[in-house]
Amino acid sequence: MLQVERITKRFGGFVALREVSFTVSEGEIVGLIGPNGSGKTTLFNVISGTLPATAGRVLLQGEEITHLLPNAICQRGIARTFQIPRPFKVLTTVENVMLGAAFGKKRTLSPEEARARAEHYLQMVGLPIDGKMWPDELTVVDLKRLEIARALATEPRLLLVDEALGGLHHSEMAEATEMLKRIRDELGITIVWVEHIMSALMRVVDRVMVLHHGEKIAEGSPQEVANNPQVIDAYLGERFLAS
Ligand SMILES: Nc1ncnc2c1ncn2[C@@H]1O[C@H](COP(=O)(O)OP(=O)(O)OP(=O)(O)O)[C@@H](O)[C@H]1O
Ligand SMILES: [Mg+2]
């Protein structure tokens, strides 16, 4: 479904991503891990068109999307969440999700249709359907849910999720990972998931990819990656092995 070919991203003289290549198959949940500053969010920014790549190509179902604008990439079927939630603060929570529904695909929905769809996805992520609720009233955890609802409302084929579990309690974390599974199983949406909470990530993903200083250093099953000495050294640490 997704082919990322030798993506490089420079910020001035700093190389945030160096010739990163990988593929994602339809129906997979792929985990993307790596230390702080290793380039995970930058990779999402490049795939979703938020930042232009310096070099390399991104293809969605065989078609190059590298130079398209974020809205065009979204309309082709890639939605993303933001690590630091970015709601439209002048809109209610329902309207935030309606916006995804109304502009995600290249067809116009009536406000009633967009609202119905927004309510459906708010329910799916466990947020109240309250037409008078504003993003300012939500906790960070709920803002992350709002990010996912707004992304889902665009009806993507591929969802890029940037750290959805930060700040959650243990039981909330289990609920959130179940939700991502349901998104894949019931909606048939392919997922790439950035997450620092390994215990949750490793339970759900089919495959894991590891970035370190902007380079892909490993890729494989959760088991393979967890036992890879380079990954333990760069990211997981010896304590992960012991646990
Ligand atoms: N717009 C930008 N301008 C300049 N440097 C940037 C920009 N965005 C990211 N960087 C730098 O690129 C590197 C990778 O950042 P990125 O946010 O992709 O890391 P990350 O893997 O998502 O980290 P974290 O786990 O902390 O979220 C960092 O050194 C960061 O400071
Ligand atoms: Mg990040």
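Every value quoted in this text rests on a predicted model; they were computed, and no experiment measured them.

Enquirer: Where do I start with helix α6 (residues 170-187) in this structure?
Expert: It helps to recall that an α-helix has 3.6 residues per turn; residues three or four apart then point in one direction. Along its 18 residues, α6 runs 25 Å from first to last C-alpha, staying within 8% of the 26 Å computed at 1.5 Å per residue. What α6 keeps buried is the set Ala 176, Thr 177, Leu 180 and Ile 183. The secondary structure elements touched by the buried residues of α6 are β3 (29-33), α5 (140-153), β7 (158-162), β8 (190-194) and α7 (198-204).

Enquirer: So what exactly am I meant to see when it comes to the nonpolar core here?
Expert: Soluble globular proteins: nonpolar side chains tend toward being buried together. By size, the foremost hydrophobic cluster in this structure holds 64 residues, and its most contacted members are Val 97, Ala 118, Ala 149, Leu 159, Val 161, Ile 191 and Trp 193. With seven residues, α5 is the single largest residue contributor to this core. In terms of domain composition, this core takes at least three residues from each of domain 1 (2-77 + 156-242) and domain 2 (87-155). Discounting chain neighbours no more than four positions away, the residues touching Trp 193 are Ile 29, Gly 31, Leu 32, Val 161, Leu 180, Leu 201 and Val 205.

Enquirer: Which parts of the structure should I look at to understand the domain arrangement of the chain?
Expert: The parts lose accessible area when they come together, and the size of an interface is often stated as this lost area. Assigned domains of the chain: these are domain 1 (2-77 + 156-242) and domain 2 (87-155). Placing the centre of domain 1 and that of domain 2 at their C-alpha centroids yields a distance of 24 Å. Taken together, the contact between domain 1 and domain 2 spans 11 residues of the former and 12 residues of the latter. In terms of residue count, α6 provides more of the side of domain 1 that touches domain 2 than any other element does, three residues in total.

Enquirer: Looking at this model, I keep getting lost on the site of ligand 1. Mind explaining?
Expert: For ligand 1, the full set of nearby residues is Phe 11, Ala 16, Gly 34, Asn 36, Gly 37, Ser 38, Gly 39, Lys 40, Thr 41, Thr 42 and Gln 83. When residues in the shell around ligand 1 are grouped by element, the largest group, three residues, is from helix α1 (residues 40-47). Across the shell around ligand 1, the residue classes tally to two nonpolar, eight polar and one charged.

Enquirer: How should I be thinking about the sheet that holds strand β5 (residues 63-64) in this particular structure?
Expert: By definition, the strands of a sheet pair up through backbone hydrogen bonds, in either a parallel or an antiparallel sense. Ordered by their spatial adjacency, four strands build an open sheet running β2-β1-β4-β5, and the pairing between neighbours is antiparallel. The sheet terminates laterally at β2 (14-24) and β5, the two strands that pair on one side only. Note: strand β4 (residues 55-60) against β5, two bridges, orientation antiparallel. Counted as the bridge partner of Leu 59 is Glu 64 from β5.

How each quantity is defined
Residues numbered from 1 in each chain as written. Chains lettered and ligands numbered in written order. Predicted model: local features only at pLDDT ≥ 70, side-chain atom pairs only at ≥ 80, totals over all residues. Helix = DSSP H or I, 4+ residues; strand = E, 2+ residues; numbered from the N terminus. Expected span 1.5 Å × (residues − 1). Buried ≥ 20, exposed ≤ 12 C-beta atoms within 10 Å, placed from the backbone. Contact = placed C-beta atoms within 7 Å. Core = buried A, V, L, I, M, F, W, Y, C linked by C-beta atoms within 7 Å. Domains from an automatic or database assignment. Near = placed C-beta within 6 Å. Nonpolar A, V, L, I, M, F, W, Y, C, P; charged D, E, K, R; others polar. Pairing = 2+ DSSP bridges.

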